[in-house]
Each structure stands twice: as C-alpha cells, then as structure tokens.
Amino acid sequence: MAIDTLIAYVGVYDSVADAEADYQLVKDLHTEAGLIDGYDAAVVEHNDAGKTKIVKKHETPTRVGGVLGGGMGLATGLVVALFPFAAVGGGLLIGTTAGGAILGAVAGHAAAGMSRHDLKDLGEHLDAGQAGLVVVAVADMGAKVEHAMKRAEKVQQKQLQADTDELERDAAAASQSGT
C-alpha cells in the first residue's frame, strides 16, 4: 500500500485576485524546488448567490487526474468533498458520466484521508471568505507553502492521507464504467 501523508492548506481571502496571487507564489515555490509534481491547488470563489466555483487549478500531472486526462487531483477532490456542487469555470464539475465518476473517486479519497471534524473545520473556514486557496502538498514543503500564502487572512492546515495506488485504481475503474 502506497499511503502518502500530505498536508492540505486552506487559506481564506477577501478577493480572488489575492488568492490567485498566492496560488502563483505556491506554483513558483514548487517550480523552483523542482517539485512541480508535488502539489495540487485550487482557487475557489464564493459569489453573492452562495455558489462556489473553482476559478483556477493545478493538478499534478503524475497523479491520477493527469494520468487519466481528467485534470482532477486531490485539491479539486477536497473542494468537491467540501462543496459538492462546485463548478469549474462556467460549468458544473460533474459534466460527464466519466468525469463525474472520476471526480467522485478522487473526492471520496480526499474526504476519506481526513477526519470528519477536520473536513467540517476546513469547510467552515473556507466559507468565511470571498475566495479561498486550497493546496495539497507533500508534508516537507509545509512551512514554505504556508509562508507563500501570505495574503490570506488565515490559513488552516490539516493532514491528509491518500493511498495513491488505490486512488489510481478507483479512478481508472470509474473512467471505464462511466464511458
């Protein structure tokens, strides 16, 4: 079993622009460290109607989302676990049967890798702002990731454990059954 211990960072922002600026800092940090495949990230916006939308995301190419071409990783999965009806850009995340099945598998693994209490805390934390940044990164990058999220009003971190082999198998099965 290949269980990875990752850290989920959730920052709350007054604006999408601030969240996107920190998103870029996190990306630069991983690029400079040569760990561009060591994190997933998603910028989340809450609109006046109470809808949640992922406006920007980075999914690790070597993880399940990139391998299957679905572009969905643990950060997106965590957002969906917290906000099941989240949208990406102009469309609902669960747009196709295969895409919805893969997303469901990834969201399930993201949610299963945390306690219910931690999930509830992160959801309430993210609800507090106009925008948010969710980063799932390898544990040894923790202090650097948190420092890069400097525009956030507050950053919470929670441990997330993921069995990457099982996640890949489940996503592959979902992709085949959803087509």
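Bear in mind that the values here come from a model prediction, so they are computed numbers and not experimental data.

Enquirer: So what's going on with helix α1 (residues 16–32)? Residues and values would help.
Expert: Helix length check: α1 (17 residues) gives 24 Å between terminal C-alpha atoms against 24 Å at 1.5 Å per residue, within 8%. Directly after α1, the chain includes G34, whose backbone phi takes a positive value near 75 degrees.

Enquirer: Lay out the pairing of strand β2 (residues 39–46) in plain terms, naming residues and giving numbers.
Expert: When you tally the buried positions in β2, you get seven out of eight residues, the bulk of the element. Direction of pairing for β2 relative to strand β6 (residues 131–138): antiparallel, over a ladder of seven bridges. Bridge assignment links Y39 to a residue of β6, and that residue is A137. Pairing of β2 with strand β3 (residues 52–58), which is carried by six bridges, proceeds in the antiparallel orientation.

Enquirer: Outline helix α5 (residues 116–127), supporting the account with residue identities and numerical values.
Expert: With twelve residues, α5 extends 17 Å from end C-alpha to end C-alpha; this agrees with the ideal 16 Å at 1.5 Å per step. Listed in full, the buried residues belonging to α5 are D118, L119, D121, L122, G123, H125 and L126.

Enquirer: Can you break down the pattern of salt bridges residue by residue, with the values?
Expert: Scanning the entire structure with this criterion turns up three salt bridges. In this structure, the salt-bridge partner of R151 is D22, at a minimum N-O distance of 2.7 Å. With R151 in the loop between α6 (142–148) and β7 (154–163) and D22 in helix α1, the pair connects residues that are 129 residues apart, well separated along the chain. Residue R151 is classed as partly exposed on the basis of its relative accessible area, which comes to 36%. Take D22: its relative accessible area is 0%, and that puts it in the buried class. The shortest N-O distance in the salt bridge between D121 and K158 comes to 3.4 Å. Of the two residues, D121 is situated in helix α5 and K158 in strand β7; the sequence distance between them amounts to 37 residues. Judged by its relative accessible area of 15%, K158 falls in the buried class.

Calculation notes
Numbering of residues starts from 1 in every chain and runs along the sequence as written. Where totals are concerned, whole chains, interfaces and linings use all residues; where local detail is concerned, this predicted model gives features only for residues with pLDDT of at least 70, and gives and counts side-chain atom pairs only at 80 or more. Each side-chain value is derived from all of the structure's non-hydrogen atoms; neither hydrogens nor water enter the calculation. Secondary structure elements follow DSSP: runs of H or I of four or more residues count as helices, runs of E of two or more count as strands, with numbering from the N terminus. A helix is expected to span 1.5 Å for every residue after the first. Relative accessibility decides the category of a residue: with a 1.4 Å probe and only protein chains considered, values under 20% of the type maximum give buried, values over 50% give exposed, and everything between is partly exposed. Only strands joined by at least two bridges in the DSSP assignment are considered to pair. Salt bridges, as used here, are contacts in which a Lys or Arg side-chain nitrogen is within 4 Å of a carboxyl oxygen on Asp or Glu.

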